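Structure at a glance
Chain by chain, the residues run as shown.
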Amino acid sequence: MTTWEMLAVFVAGISAGTINTIVGSGTLITFPVLLATGLPPVTATVSNALGLIPGSISGAIGYRQELAGQGRRVRKLAIGALIGGLTGATLLLALPSTAFETIVPILVALALVLVILQPRISEAVQRRRERTGIPVRPDGGPLLFVGLMLASVYGGYFTAAQGIIYLSLMGMLLDDTMQRLNAVKNVLAAVVNSIAALFFLFVADFDWTAVVLIAVGSALGGQIGAKVGRRLSPTVLRILVVAVGTVAIAQLLLR
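Okay, so let's go over this structure. No experiment lies behind these values; they were computed from the predicted model shown. (Residues numbered from 1 in each chain as written. Predicted model: local features only at pLDDT ≥ 70, side-chain atom pairs only at ≥ 80, totals over all residues. Heavy atoms only, no water.)

A look at helix α11 (residues 208-229)
Basically, it comes down to this: Helix numbering and strand numbering both begin at the N terminus, where a helix is a DSSP run of H or I of at least 4 residues and a strand a DSSP run of E of at least 2. Helix span is expected to be 1.5 Å times the residue number reduced by one. A 1.4 Å probe rolled over the protein chains alone gives each residue an accessible area, and that area as a share of the maximum for its type sets the label: buried under 20%, exposed over 50%, partly exposed in between. A contact between two residues is defined here by any heavy atoms of the two lying within 4.5 Å. Under the rule applied, a polar contact is a pair of N or O atoms within 3.5 Å (in protein, one hydrogen donor and one hydrogen acceptor; residues adjacent in sequence only if both atoms are side-chain atoms).
The end-to-end C-alpha distance of α11, which contains 22 residues, comes to 30 Å, matching closely the 32 Å that a straight helix rising 1.5 Å per residue would cover. When α11 is considered as a whole, its buried residues turn out to be Ala210, Val211, Leu213, Ile214, Ala215, Gly217, Ser218, Gly221, Gly222, Gly225, Ala226 and Gly229. Buried residues in α11 make contact with α1 (3-22), α2 (27-36), α3 (41-51), α4 (53-62) and α10 (178-203). The backbone nitrogen of Thr209 has a side-chain oxygen 3.2 Å away, supplied by the residue at the start of α11, namely Asp207.

What follows is the structure in structure tokens.
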């Protein structure tokens, strides 16, 4: 890489770490930059996955206050994220690069609709629980576990907008604040990135310059994202999720 390319990758890492912590979809920043430096798509994908791990961990640490009291929930959902992430990483090397191109924009669009409708869906679910006497499951039950595991398959494959899908599923099936759900999202993203990258270490080629630049940048961005994101109201956070998701869909369709 040239000096200017290295600077571009570093700045992209900061931006991705910031936006991943607040919403998700940071890969839509780093991935095109890595391709622009001349890296092959698979090398760019695996280098990006490894580089974003420090950013995910940094963001989760920044949200540690919101994670308080969620240990059992996080541990259970992390198991599904781990299984899904490993499956997605395997598919990345086994399937053609165009395999997910059709379904991904549809998944993100559906997730955005769920995010927009989440307050009404939550109210309807709550009313139904009150009528039927069904207790609230603090972990979301089997439906959330399976849903997040499937979302993590996609996350292990590409990662772009996986955070938006996580937030939409948890917002629909868990009775909790957006900020606390966002904290869980950051932990799950760290799990998926870590297991995928660990798998790639043994079977794929990395560009270690890109990995280091994104790792340092995303770690800084994770702290920035946590400071900004924790100050956002639920409404503003939801609007930001929708805005970023809309841009993500446009970029995915135009690739």
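Quick look at the packing of helix α9 (residues 162-173) against α10
The cut-off we apply is this: Axes, fitted as lines to C-alpha atoms, cover a helix only where it is in contact. Angles between the N-to-C directions of the axes lie from 0 to 180 degrees. To sort the angles, those under 35 degrees are grouped as roughly parallel, those over 145 as roughly antiparallel, those from 65 to 115 as roughly perpendicular, and the leftovers as oblique. Throughout, a crossing is termed right-handed when the near helix is turned clockwise from the far one, and left-handed when it is turned anticlockwise from it by less than a right angle. When residue character is reported, Ala, Val, Leu, Ile, Met, Phe, Trp, Tyr, Cys and Pro are called nonpolar, Asp, Glu, Lys and Arg charged, and the others, Gly included, polar.
At a minimum axis separation of 10 Å, α9 and α10 run at an interaxial angle of 135°. Taken together, the axes of α9 and α10 are oblique relative to one another. Crossing hand, α9 versus α10: right-handed. Across the interface between the two elements, Gln162, Gly163, Tyr166, Leu167, Met170 and Gly171 from α9 touch Leu181, Asn182, Val184, Lys185, Leu188, Ala189, Val192 and Asn193 from α10. A class-by-class count of the residues in the contact of α9 with α10 yields 8 nonpolar, 5 polar and 1 charged.

Considering the side chain of Lys185
Selection rule: Note that His is not counted, nor are the chain ends; the positive residues are Lys and Arg, and the negative ones are Asp and Glu. Salt bridges are counted wherever a side-chain nitrogen of Lys or Arg sits within 4 Å of a carboxyl oxygen of Asp or Glu.
Along the polypeptide, Lys185 turns up in helix α10. Buried charged residue Lys185 carries no salt bridge. Nearest counter-charge: Glu66, at 12 Å. Beyond its immediate sequence surroundings of up to four residues, Lys185 is in contact with Asn20, Thr21, Ile22, Val23, Gly24, Gly163, Tyr166, Leu167 and Met170.

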